[in-house]
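# Commentary on secondary and tertiary structure
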Amino acid sequence: MKDTDLYTALLGLGNGWRVTDVKLDVANKRVDVRVEAVRDREWACPVCQQPAAFYDLAAEQTWRHLDTCDCRTYVHARLPRTRCSQHNVRQIAAPWAGPRSQFTLLMESRAIDTLKECDVTGCGRLLGISWDQGWHVIEKAVARGLARKRWRIPAYLGIDEKAFAKRHQYETLVCDLQRGTVEYVMEDRSQDSLESYYRQFAEKDRKAVKAVAMDMWDPYIAATRRLVPEAQDKIVYDRYHATRLATEAVDKVRKQEHKVLMEQGDERLKWTRYLWLANQENIPEWRRSEFAALRQMSLRTGRAWAIKEALRRFWDFTYAQNARKFFQRWYFWATHSKLRPIIQAAKTLKVHLANLLTYFKHRITNATVEGLNSKIQMIKEMACGFRNRNHYRLAIYFHCGGLNLYPCAVKS
Ligand SMILES: [Zn+2]
């Protein structure tokens, strides 16, 4: 087989194109492939597809292709231009590459596969592409995926806030809890933004939503009540957010008590913050006896922690009725604890009780989709390399959007 025929086959070129030259530069580990359009054929305007006259050849372009046995491989071509009576002079698209791409379709798909496995810097090292090129591939892949996406509102939604880059900036993710995908990324956590998500769908589609898991965050509640019919039976406050309220109350009690103790020279609560923040089963083995001893000491913090731990049992019930009875007993205990932060947390939970109890009907939380949260965690860990929020948003769609990212004609 001739080298030109080999590369004609490898590039998947149809009848209208042929490889005219292949140059191998062993010293520089490089292959240069020259492609030409076959002139003797019918031309069509790329806009209207009507027959058009050949006009000229555009300036030479170069595309990076998949390596050939470890040799960087480049495709070079001058793309023909046609002249149409309606659209004037237009350039024919290269069948081996997407518009304005520096890569062939196969190379772009390889970059997408690699970017799914590692971050942009790692992909750059493996493929020998720059950081900007890596982000450009992601940006184009996400734009393609979003354009192809069939917009429908999921039956089970999760509205989840995520802090961005450890600063007090938030993103809101709208997740499809059944597919385990992020449907929509909002740049804040406002009512307007969530309403703009809902408004993309007709009322009859919004009516088909079965349940929405969310934090007890007023703007999310207001947007959902306004635009999702029968929202009062569909909103489920996320159990992890609810227990976080109680955990934060424990932390406040600890802080106050620690201050009082330290004034008396008592250091018992020093270095214990993370013990009180943890759930029982997450206390590290080597601190268990220390923590057990602390709990024996009738500290206010110990009481607060026990009340918080008890609350977690609420979600173990099978029937809402039993959970309601449990909550009433817990509420009595919490509100008679004389621990102000705990009393406040209990009151907040009581106000929202109806939509805590909806959990027993729908059984959803934002942690329902384990894979999704671990992916987002990975993205956040890579986020130190993000120059801006747009990259963070793109990475979420790229890794979690469930989108068809590939350039067409390669994979779909
Ligand atoms: Zn035309």
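The structure under discussion appears in the preceding block.
This structure is a prediction, so every number in the text was calculated from the model and none was measured.

Let us look at the overall build of the chain. Regarding its fold elements, the chain presents 18 helices and ten strands. The globule rule puts the C-alpha radius of gyration for 412 residues at 22 Å, and the 30 Å found for the chain is more than 25% above it. Referenced to the eigenvectors of the C-alpha coordinate spread, the extents of the chain come out at roughly 90 × 55 × 35 Å. Out of the 412 residues belonging to the chain, those deemed buried represent 49%. Intrachain contacts of the chain at a sequence separation of at least 6 include 60% that bridge at least 24 residues. When the accessible surface of the chain is split by element, carbon and sulfur atoms take 49% of a total near 22200 Å². Between the averaged position of the 69 positive side-chain charges in the chain and that of its 47 negative side-chain charges there is a distance of 5 Å.

Its identity as a non-glycine residue notwithstanding, aspartate 70 has a phi of 75°, on the positive side. Mapped onto the secondary structure, aspartate 70 falls in the loop between strand S3 (53–68) and strand S4 (71–84). Not every positive phi belongs to a glycine, and arginine 363 is a case in point at roughly 55°.

Here we take up the packing of aromatic side chains. Enumeration according to the criterion identifies 16 aromatic pairs in this entry. Taking 5.5 Å as the distance between ring centres and 40° as the angle between the ring planes, the aromatic pair formed by tryptophan 43 and phenylalanine 54 counts as tilted. Pair noted here: tryptophan 43 is in the loop between strand S2 (30–37) and S3 and phenylalanine 54 is in strand S3, with a separation of eleven residues, a long-range link. Residue classification places tryptophan 43 among the buried residues on the basis of a relative accessible area of 8%. Seen from their ring centres, tyrosine 184 and tyrosine 197 are 5.0 Å apart, and the 40° between their planes marks the pair as tilted. Of this pair, tyrosine 184 sits in strand S8 (residues 181–186) while tyrosine 197 sits in helix H5 (residues 191–198), and the two are 13 residues apart along the sequence.

This part is about the nonpolar core. Val182, Tyr198, Phe314, Trp330 and Ile342 are the most contacted members of the largest nonpolar core, which totals 98 residues. Other than its neighbours up to four places away in sequence, tryptophan 330 contacts Ile307, Ala310, Leu311, Ala346 and Leu349. The next biggest cluster of nonpolar side chains, apart from the first, holds 20 residues, and it includes Val19, Ala37, Ala77 and Ala97.

The protein atoms donating to the zinc ion are Cys45 (SG), Cys48 (SG), Cys84 (SG) and His87 (ND1), with metal-donor distances spanning 2.2 to 2.4 Å. Here the zinc ion is ringed by four donor atoms whose angles at the metal span 105 to 113°, and the overall shape comes out tetrahedral. Written as a sequence motif, the donor arrangement for the zinc ion is C-x2-C-x35-C-x2-H. Taken together, the positions of cysteine 48 in the loop between S2 and S3 and cysteine 84 in strand S4 put the pair 36 residues apart, joining distant regions of the chain. A residue is classified by how much of its surface remains accessible, and cysteine 84, at 7% relative accessible area, is buried.

Cut-offs and rules
Residues numbered from 1 in each chain as written. Predicted model: local features only at pLDDT ≥ 70, side-chain atom pairs only at ≥ 80, totals over all residues. Heavy atoms only, no water. Helix = DSSP H or I, 4+ residues; strand = E, 2+ residues; numbered from the N terminus. Rg over C-alpha atoms; globule rule 2.2 N^0.38 Å. Buried < 20%, exposed > 50% of the residue type's maximum accessible area, 1.4 Å probe, protein only. Contact = heavy atoms within 4.5 Å. Areas by Shrake-Rupley, 256 points an atom, 1.4 Å probe, with all protein chains shown as cover. Lys, Arg positive; Asp, Glu negative; His and termini not counted. Charge placed at Lys NZ, Arg CZ, Asp CG, Glu CD. Phe/Tyr/Trp six-rings, centres within 6.5 Å; stacked < 30°, edge-to-face > 60°. Core = buried A, V, L, I, M, F, W, Y, C linked by side-chain atoms within 4.5 Å. Donors = N, O, S within 2.8 Å, 3.2 Å for Na, K, Ca; no water. Tetrahedral: all angles 85-135°; square planar, octahedral: opposite > 155°, others 65-115°.

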